[in-house]
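So the chains spell out like this:
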Amino acid sequence: MTALGVIKAAQRLGFTLEEVAELLEAGRHRHGCPVAGLQERAAAKLAEVDAKIADLATIRTALVAADEAGCDNLTVCAFSACCPIAFTEFAEENCHAGPCC
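Residues numbered from 1 in each chain as written. Predicted model: local features only at pLDDT ≥ 70, side-chain atom pairs only at ≥ 80, totals over all residues. Heavy atoms only, no water.

Caption draft 1: The arrangement of the overall build of the protein chain in detail. From N to C terminus, the protein chain includes five helices and zero strands. Listing each helix as α and each strand as β along the protein chain from the N terminus yields α-α-α-α-α. Residues counted as buried form 12% of the 101 residues belonging to the protein chain. Once local pairs closer than 6 in sequence are excluded, the contacts in the protein chain between residues at least 24 apart make up 16%. (Helix = DSSP H or I, 4+ residues; strand = E, 2+ residues; numbered from the N terminus. Buried < 20%, exposed > 50% of the residue type's maximum accessible area, 1.4 Å probe, protein only. Contact = heavy atoms within 4.5 Å.)

Here it is in structure tokens:
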């Protein structure tokens, strides 16, 4: 595999160019031996991916709730305690014009 192929493969796994460069540099110093720290870096990247998946699942749940609730105006929802999107703290702090919604 060419160096470009290795870089592209690492990027598809979520590694940044800086991280790929560090891995390649470490590999050059090892002269073909396994890259030190690759397993640790892969485990750390996996944890990042899992965290992103959890965040996206939370966002998806909120969007489904907003869709099912018929929310169609972000400004109105932001000031409404009945909106399923997590604006309640914002609404309580900033709702100065009487009852919301």
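Caption draft 2: Representation of the pattern of salt bridges in the model. Across all of its chains, the model carries three salt bridges by this definition. Linking Arg-41 and Glu-22 is a salt bridge whose minimum nitrogen-to-oxygen distance equals 2.9 Å. Here the residue Arg-41 occupies a position in helix H3 (residues 38-69), and Glu-22 occupies one in helix H2 (residues 17-30), the gap between them amounting to 19 residues. Among the ionic pairs, Lys-45 bridges to Glu-48, the shortest N-O distance being 3.3 Å. Residue Lys-45 and its partner Glu-48 are both found in helix H3; the two are separated by three residues, about one turn of the helix. Given a relative accessible area of 8%, Lys-45 falls into the buried group. On the basis of relative accessible area, Glu-48 is assigned to the partly exposed category, the value being 35%. What you see here is one network of salt bridges that share partners, running through Glu-19, Lys-45 and Glu-48. (Salt bridge = Lys/Arg side-chain N within 4 Å of Asp/Glu carboxyl O.)

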